[in-house]
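Single-letter residue listing:
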Amino acid sequence: MNFFKNILFIICFVLFCNCFAYSGVSKQEYIKVGILSNQERITIAGDEKYFFICNNKKYSLSEGKINIEIKNNTAIIFNKVYRLPIEFVSTKCLLVNNKIYRGNIIISASSKGNNIINKLKLEDYLKGVLPKEVNSSWNQETLKAQAVISRTYVLKNIGKHSKENFDVCSGVHCQVYGGASCEAQSCNKAIHDTYGQVLFYKGDLAQTLFHASCGGHTENPKYVWQWKTDTPPYLKGRKDSYCKNSPHHNWTTTLEESYIRNKLIDAGYKIGKIKKISTSGKTSGKAAEKIKIKHSKGKLKLNAYTFRLAIDSFKIRSTQISSIKKKGNKFIFKGKGWGHKVGLCQWGAKVMGDKKMSYKKILDFYYPKTVIRKIDYVNE
């Protein structure tokens, strides 16, 4: 009898653990996005009556535009001075410098200057991210994959800008965010259809990095950002044949020697006239590990990704550099892919979606061993 009781107990315990492991995870519903920094003047407008809150007091405003001067931790509105922070609230969207935003607008002071912050629901935030990070005309499965990883990414990296009184910025340092002005119906649908879905790995949110085109092989981030921690298995990189027809699969850039030299000097390197540039070593993602530069004052060797950012990430599109040739005072770079090559390759994901593969299969391909879980939002 005790034997059967023990078996029953074990079965119940396992079922309980499984239910707990895959239950919803609570995360904050609202997010603060830094949309403008170091501002001295802005305009805010609403198409109906709205109001602002300062020092726990509510001040009503008529519909239309107001001009605001910001200085010395204060905002001047209709010739009256109000101490920051100030939060503007409307039941509809607000315009900041003629750009439309859902949610509330906060003017806040920090040690790094006066910031304009958009406070809104995280799902609404994604509506302003997807059209900036992926082509809204792409198939729905690819857009849904992007929705899941953009949602996961912001939750994983929330608080990057806590010293500036907001959670994430609106640029490439976090994710590009364009507010309600850039929204697309196709992207909104993908966000709605994956509501609350995120990627987890071993009980924690996955680091869902992504890029435009991997050039045939995704990269291990240790070669890019020189991570000191172990790379999780889902980010170690893999061969990817799906993006071979990407318009960014092959690229060529020709740069003047003086341009490269001045860029490196601006980045803090003491360098003379450049005589030769070459690659050194190969990463697991088939990219250059180091860049070697021979110049009139000596030699310089630096991380290939560091070199790319110092020169221009739009000109040196990736570190998968196949050749560097000198012609007169110019250097001709040839390579494959666009971006840091870590995580999901957007052009590869597009092809997978075009082939009728589901967004779940796309995510499993680029982030193996991760699982999709749904979060429960809490109003904080």
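Residues numbered from 1 in each chain as written. Predicted model: local features only at pLDDT ≥ 70, side-chain atom pairs only at ≥ 80, totals over all residues. Heavy atoms only, no water.

1. A few points about helix 8 (residues 346-354)
Turning to step 1, where the next piece is worked out: The set of residues buried in helix 8 consists of Gln346, Gly348, Ala349, Lys350, Met352 and Gly353.
Turning to step 2, where the next piece is worked out: Looking at the residues trailing helix 8, positive phi occurs at Lys356, about 70°. (Buried < 20%, exposed > 50% of the residue type's maximum accessible area, 1.4 Å probe, protein only. Helix = DSSP H or I, 4+ residues; strand = E, 2+ residues; numbered from the N terminus.)

2. A look at the pattern of salt bridges
Turning to step 1, where the next piece is worked out: Using the criterion set out here, one finds 11 salt bridges in the structure.
Turning to step 2, where the next piece is worked out: Taking the shortest distance from any N to any O, the salt bridge between Glu69 and Lys71 comes out at 3.8 Å.
Turning to step 3, where the next piece is worked out: Look at Glu69 and you get partly exposed, because its relative accessible area is 27%.
Turning to step 4, where the next piece is worked out: In this structure, the salt-bridge partner of Asp193 is Lys189, at a minimum N-O distance of 2.7 Å. Highlighted residues: Asp193 and Lys189, both in helix 5 (residues 185-193), separated by 4 residues, approximately one helical turn. (Salt bridge = Lys/Arg side-chain N within 4 Å of Asp/Glu carboxyl O.)

3. What about unusual backbone geometry?
Turning to step 1, where the next piece is worked out: Note that the residue after Leu84, namely Pro85, is joined by a cis bond; omega there is 10°.
Turning to step 2, where the next piece is worked out: Positionally, Pro85 belongs in the loop between strand 8 (80-83) and strand 9 (86-89).
Turning to step 3, where the next piece is worked out: The phi torsion at Asn72 lies on the positive side, around 50°, for a residue other than glycine.
Turning to step 4, where the next piece is worked out: You can see Asn72 is positioned in the loop between strand 6 (64-71) and strand 7 (74-77).
Turning to step 5, where the next piece is worked out: The phi angle at Asn165 is positive, at roughly 75°, despite the residue not being glycine.

4. A few points about helix 7 (residues 304-311)
Turning to step 1, where the next piece is worked out: Burial analysis of helix 7 places 6 of its 8 residues in the buried class, the great majority of the element.
Turning to step 2, where the next piece is worked out: Three or more residues of helix 7 are buried, namely Ala304, Tyr305, Phe307, Arg308, Ala310 and Ile311.
Turning to step 3, where the next piece is worked out: Between the side-chain oxygen at the start of helix 7 and the backbone nitrogen of Tyr305 there is a gap of 2.8 Å, and the oxygen is on Asn303. (Polar contact = N/O pair within 3.5 Å; in protein donor to acceptor, adjacent residues only side chain to side chain.)

5. Describing the confidence of the model for the protein
Turning to step 1, where the next piece is worked out: Mean pLDDT over the protein stands at 91; residues scoring 70 or higher make up 93%.
Turning to step 2, where the next piece is worked out: Segment residues 1-23: pLDDT under 50, and 5 contacts once partners within four positions in sequence are set aside and those in other chains are kept. (pLDDT = per-residue confidence, 0-100. Contact = heavy atoms within 4.5 Å.)

6. Things to note about the packing of helix 6 (residues 257-266) against helix 7
Turning to step 1, where the next piece is worked out: One can describe the packing of helix 6 onto helix 7 by two numbers: an axis separation of 8 Å at closest approach and a directional angle of 105°. One way to sum up the angle between helix 6 and helix 7 is to call them roughly perpendicular. When helix 6 is examined against helix 7, the residues Tyr259, Ile260, Lys263 and Leu264 are found in contact with a partner set consisting of Phe307, Ala310 and Ile311. (Axes fitted to C-alpha atoms, helices over the stretch in contact; angles between N-to-C directions. Parallel < 35°, antiparallel > 145°, perpendicular 65-115°, else oblique.)

7. Considerations on the environment of Asp167
Turning to step 1, where the next piece is worked out: Within the fold, Asp167 resides in the loop between helix 4 (140-156) and strand 14 (168-169).
Turning to step 2, where the next piece is worked out: Take Asp167: its relative accessible area is 16%, and that puts it in the buried class.
Turning to step 3, where the next piece is worked out: Taking C-alpha positions, Asp167 is 9.6 Å from Leu155, a pair spaced 12 residues apart along the chain.
Turning to step 4, where the next piece is worked out: Not counting residues within four places of it along the chain, the set of residues in contact with Asp167 comprises Gln28, Ile31, Lys32, Asn157, Ile158, Gly159, Lys160 and His161.

8. Observations concerning the side chain of Glu219
Turning to step 1, where the next piece is worked out: One can find Glu219 in the loop between strand 17 (210-211) and strand 18 (250-256).
Turning to step 2, where the next piece is worked out: Lacking a salt bridge, the buried Glu219 has Lys341 as its closest oppositely charged neighbour, with an N-O distance of 5.1 Å.
Turning to step 3, where the next piece is worked out: Side-chain polar atoms of Glu219 contact the side chain of Thr283, separated by 2.5 Å.
Turning to step 4, where the next piece is worked out: Those residues in contact with Glu219, other than ones at most four positions away along the chain, are Val224, Leu235, Lys236, Gly237, Thr283, Ser284, Gly285, Ala287, His340, Lys341 and Val342. (Lys, Arg positive; Asp, Glu negative; His and termini not counted.)

9. Section: the pairing of strand 5 (residues 57-61)
Turning to step 1, where the next piece is worked out: Relative to strand 5, strand 4 (residues 50-54) runs antiparallel, the two sharing 5 bridges. In the sheet register, Ile53 faces strand 5, and the bridge partner there is Lys58.
Turning to step 2, where the next piece is worked out: The turn joining strand 4 and strand 5, which pair antiparallel and follow one another in sequence, is formed by 2 residues; a positive phi near 55° is taken by Asn55. (Pairing = 2+ DSSP bridges.)

10. Regarding the sheet that holds strand 3 (residues 41-46)
Across a sheet, strands are paired by hydrogen bonds formed along the backbone, either parallel or antiparallel in direction.
Turning to step 1, where the next piece is worked out: Spatially, the 6 strands line up as an open sheet ordered 8-7-6-3-10-11, and their pairing is antiparallel. Of all the strands in the sheet, just strand 8 and strand 11 (99-101) have a single pairing partner and so form its edges. Here the average twist between neighbouring strands, direction ignored, is 30°.
Turning to step 2, where the next piece is worked out: Where strand 10 (residues 94-96) and strand 11 come together, 3 bridges link them in antiparallel fashion. The residue of strand 11 that forms the bridge with Leu95 is Ile100.

11. Some details on the packing of helix 4 against helix 8
Turning to step 1, where the next piece is worked out: Viewed as axis vectors pointing N to C, helix 4 and helix 8 meet at an angle of 135°, and their least axial separation amounts to 7 Å. For the element pair helix 4 / helix 8, the angle class is oblique. Contact with helix 4, carried on its side by Glu141, Thr142 and Gln146, involves Gln346, Ala349, Lys350 and Gly353 of helix 8 and no other residues of that element.
Turning to step 2, where the next piece is worked out: The residue inventory of the contact of helix 4 with helix 8, partitioned by class, reads 1 nonpolar, 4 polar and 2 charged. (Nonpolar A, V, L, I, M, F, W, Y, C, P; charged D, E, K, R; others polar.)

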